[in-house]
Amino acid sequence: AQVERQRSGGMLGAAILYRAMLTGRRESLARALAGGRPSDRQLRESIAPARACLACAQETIVVQDAVGRVIEHAARDPGWEQALVHGAWCIAHVGALAAALAAGRQDGRLASFRTGQLERLAELDARLERFIHHSATDRRHLQSDEERAAVTETARTLAGGDAEGG
């Protein structure tokens, strides 16, 4: 019981921090994607961290190429289209995908992507909020597996490939 309390307490602290971070990123993303076509600068500044070195710059080029291929596949294949709109992308790649869709003037696909991703992030936030609420000792029995999974999913969404297990 003591080990379980310690483990859940650590998850609670992480969940509170992740929720604060996710809320800020969701708000920035919603502003950047609000009506019309977002600029590359808006998306970069609101979603992805600045790239500080030569290796980071090269990584950005590779990501742009990969994002372009995802969008090309989505234009040809409904399965890829669904993955684009509803996939569990990290925040940085949500920004990269939105920027590429905007640059390619794919307004319909951008609108679907915007709606799908903002709904996904809102649902993730709601599960994280329920996890936090159910973390009190007298409510811990109410926690669902989905709520517990929200902590790890949020970490992956915020950190991308840098998250543990991501």
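Preceding this section is the structure that the text describes.
Residues numbered from 1 in each chain as written. Predicted model: local features only at pLDDT ≥ 70, side-chain atom pairs only at ≥ 80, totals over all residues. Heavy atoms only, no water.

Participant: Can you walk me through the overall build of the chain in this structure?
Facilitator: Within the chain, the secondary structure is distributed over 7 helices and 0 strands. Start at the N end of the chain and walk to the C end: the helices and strands fall as α-α-α-α-α-α-α. Counting across all 166 residues of the chain, residues that qualify as buried make up 33%. Within the chain, contacts between residues at least 6 apart in sequence are counted, and of these 66% link residues at least 24 apart. Within the structure as shown, the chain displays about 9,400 Å² of accessible surface, and the carbon and sulfur contribution to it stands at 55%. (Helix = DSSP H or I, 4+ residues; strand = E, 2+ residues; numbered from the N terminus. Buried < 20%, exposed > 50% of the residue type's maximum accessible area, 1.4 Å probe, protein only. Contact = heavy atoms within 4.5 Å. Areas by Shrake-Rupley, 256 points an atom, 1.4 Å probe, with all protein chains shown as cover.)

Participant: Would you mind showing me how to read the packing of helix α3 (residues 54-76) against helix α4 (residues 78-86) here?
Facilitator: Each pair of packed helices can be summarised by the angle the axes make with each other and by the distance between the axes. With their axes 6 Å apart at the nearest point, α3 and α4 run at an angle of 130° to one another. Judged by the angle between their axes, α3 and α4 are oblique. Considering only the axes of α3 and α4, their crossing is left-handed. In this structure, α3 uses Val 70, His 73, Ala 74 and Arg 76 to contact α4, whose residues at the interface are Pro 78, Trp 80, Glu 81 and Leu 84. Grouping the constituent residues of the contact of α3 with α4 by class yields 5 nonpolar, 1 polar and 2 charged. (Axes fitted to C-alpha atoms, helices over the stretch in contact; angles between N-to-C directions. Parallel < 35°, antiparallel > 145°, perpendicular 65-115°, else oblique. Left-handed = near helix turned anticlockwise from the far one by under 90°. Nonpolar A, V, L, I, M, F, W, Y, C, P; charged D, E, K, R; others polar.)

Participant: Honestly, the packing of α4 against helix α6 (residues 107-133) in this entry has me stumped. Any pointers?
Facilitator: At a minimum axis separation of 7 Å, α4 and α6 run at an interaxial angle of 50°. The pairing of α4 with α6 is recorded here as oblique in orientation. Between α4 and α6, the residues in contact are Glu 81, Leu 84, Val 85 and His 86 and Arg 109, Ser 112, Phe 113, Gly 116, Gln 117 and Arg 120, respectively.

Participant: Got a minute to help me understand α3 in this structure?
Facilitator: Count 3.6 residues to each turn of an α-helix, and residues three or four apart come out pointing the same way. For α3, with 23 residues, the first-to-last C-alpha span of 34 Å sits near the 33 Å given by 1.5 Å per residue. For α3, the set of buried residues is Val 63, Val 67, Val 70, Ile 71 and Ala 74. Each element contacted by the buried residues of α3 is listed here: α4, α5 (91-103) and α6. (Expected span 1.5 Å × (residues − 1).)

Participant: Would you take a moment to explain the pattern of salt bridges for this structure?
Facilitator: When their charged atoms lie close together, side chains carrying opposite charge are able to pair. What the rule picks out here adds up to 8 salt bridges. A salt bridge links Asp 125 to Arg 26, with the shortest nitrogen-to-oxygen separation between them at 3.0 Å. With a gap of 99 residues between them, Asp 125 in helix α6 and Arg 26 in helix α1 (residues 2-33) connect regions that are remote in the sequence. Note that Arg 127 is salt-bridged to Glu 123, the shortest N-O span being 2.7 Å. Linking Arg 127 with Glu 123, this pair stays in helix α6, spanning 4 residues, or about one helical turn. (Salt bridge = Lys/Arg side-chain N within 4 Å of Asp/Glu carboxyl O.)

Participant: Looking at this model, I keep getting lost on helix α7 (residues 145-159). Mind explaining?
Facilitator: Look at α7: 22 Å from first C-alpha to last across 15 residues, which is about the 21 Å you get at 1.5 Å a residue. Along α7, the largest kink reaches about 30° and is centred on Val 151. Among all positions in α7, only Glu 147, Ala 150, Val 151, Thr 154, Ala 155, Thr 157 and Leu 158 are buried. Where α7 ends, the next residue or the one after it, Gly 160, has phi of about 65°, a positive value. (Bend = angle between axes of the 7 residues up to and from the residue.)

Participant: Just checking my understanding: could you explain unusual backbone geometry for this structure?
Facilitator: Excluding glycine, residues mostly have negative phi values, and the peptide bonds linking residues are mostly trans. The phi angle at Arg 105 is positive, at roughly 55°, despite the residue not being glycine. Its relative accessible area of 57% is what places Arg 105 among the exposed residues.

Any functional reading would require information beyond the geometric quantities listed.
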